[in-house]
Amino acid sequence: MRRILSGLTFTLVALAVGFQTAVAAATTLVCTNPYQPNNVPFTIDLDQIQSTLTINNPGNSTKYKATFAAKKIMFNTGDWAYTIDRVTGTTTANGSGGVAMNFPCHVGTAQF
């Protein structure tokens with residue numbers, strides 16, 4: 001019985017460590033604003049461990065608390081409620097006045 005419990009404890013610890021490793025990987029999204037096509041892309045740094053994300057525009061970065069779910073990430077910036085679809089990569093901004101905007105995003109990867 002002791003051997004079974006020991007094996008079960010090891011398995012649970014291994015699963016917990018594996019889950020932390022899978023979640024811990026920081027991700028950067030590269031997004032464009034189709035409403036201002038001449039602007040440079042902006043990035044969103046996701047930190048699921050800290051439940052935060054950072055929006056990076058040239059010369060400006062702002063961190064927000066976020067809720068991470070299996071298929072979406074949600075955060076608020078005051079008058080705007082954002083949802084990032086983890087499957088399509090689309091970030092949707094819903095304004096308090098009923099305005100909705102969509103920003104296409106993709107996972108940024110090193111180019112060289």
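A quick note: this is a predicted structure, and the numbers were derived from the prediction, not measured. (Residues numbered from 1 in each chain as written. Predicted model: local features only at pLDDT ≥ 70, side-chain atom pairs only at ≥ 80, totals over all residues. Heavy atoms only, no water.)

Draft legend 1. Local environment of the overall build of the protein chain. Helix and strand content of the protein chain: one helix and nine strands. The order of α-helices and β-strands along the protein chain, N terminus first, is α-β-β-β-β-β-β-β-β-β. Long-range pairs, those at least 24 residues apart, make up 22% of the contacts in the protein chain between residues at least 6 apart in sequence. Roughly 8,000 Å² of accessible area belongs to the protein chain as shown, and the carbon and sulfur atoms make up 59% of that amount. (Helix = DSSP H or I, 4+ residues; strand = E, 2+ residues; numbered from the N terminus. Contact = heavy atoms within 4.5 Å. Areas by Shrake-Rupley, 256 points an atom, 1.4 Å probe, with all protein chains shown as cover.)

Draft legend 2. Structural view of the pairing of strand β4 (residues 60-65). Where strand β3 (residues 52-57) meets β4, six bridges bridge the pair, whose relative direction is antiparallel. By the bridge assignment, threonine 52 is partnered in β4 with lysine 65. Where β3 folds back onto β4 in an antiparallel hairpin, the turn is made up of two residues, including glycine 59, whose phi is positive at roughly 80°. (Pairing = 2+ DSSP bridges.)

Draft legend 3. Summary view of the nonpolar core. In this structure, Leu29, Ile44, Leu46, Leu53, Ile73, Phe75 and Ile84 are the most contacted members of the largest nonpolar core, which totals 16 residues. Among the elements of the structure, β1 (27-31), β2 (42-47), β3, β6 (72-76), β7 (80-85) and β9 (100-107) are those that each provide at least two residues to this core. Top contributing element to this core by residue count: β2, with three residues. Setting aside chain neighbours within four positions, we find isoleucine 73 in contact with Leu46, Leu53, Ala66, Thr67, Phe68, Tyr82, Thr83, Ile84 and Arg86. (Core = buried A, V, L, I, M, F, W, Y, C linked by side-chain atoms within 4.5 Å. Buried < 20%, exposed > 50% of the residue type's maximum accessible area, 1.4 Å probe, protein only.)

Draft legend 4. How the structure looks around the confidence of the model for the protein chain. Of all residues in the protein chain, 79% have pLDDT values of 70 or greater, and the mean over the chain is 83. Confidence, expressed as mean pLDDT per element, reaches its minimum in the protein chain at helix α1 (residues 2-24) with 46 and its maximum at strand β5 (residues 67-68) with 98. A low-confidence stretch, residues 8-21 stays under pLDDT 50, and its non-local contacts, those more than four residues away or across chains, total one contact. (pLDDT = per-residue confidence, 0-100.)

Draft legend 5. Quick peek at the state of the cysteines. Applying the stated criterion across every chain yields a total of one disulfide. The partner cysteine of cysteine 31 in its disulfide is cysteine 105, sulfur to sulfur 2.0 Å. Linking cysteine 31 and cysteine 105, the disulfide has an S-S dihedral of approximately 110° and is accordingly described as right-handed. Of this pair, cysteine 31 sits in strand β1 while cysteine 105 sits in strand β9, and the two are 74 residues apart along the sequence. Residue classification places cysteine 105 among the buried residues on the basis of a relative accessible area of 10%. (Disulfide = S-S within 2.5 Å.)

Draft legend 6. Looking closely at the side chain of asparagine 56. Of note, asparagine 56 is situated in strand β3. Judged by its relative accessible area of 17%, asparagine 56 falls in the buried class. Side-chain polar atoms of asparagine 56 contact the side chain of aspartate 45, separated by 2.9 Å. Side-chain polar atoms of asparagine 56 contact the side chain of serine 61, separated by 2.7 Å. (Polar contact = N/O pair within 3.5 Å; in protein donor to acceptor, adjacent residues only side chain to side chain.)

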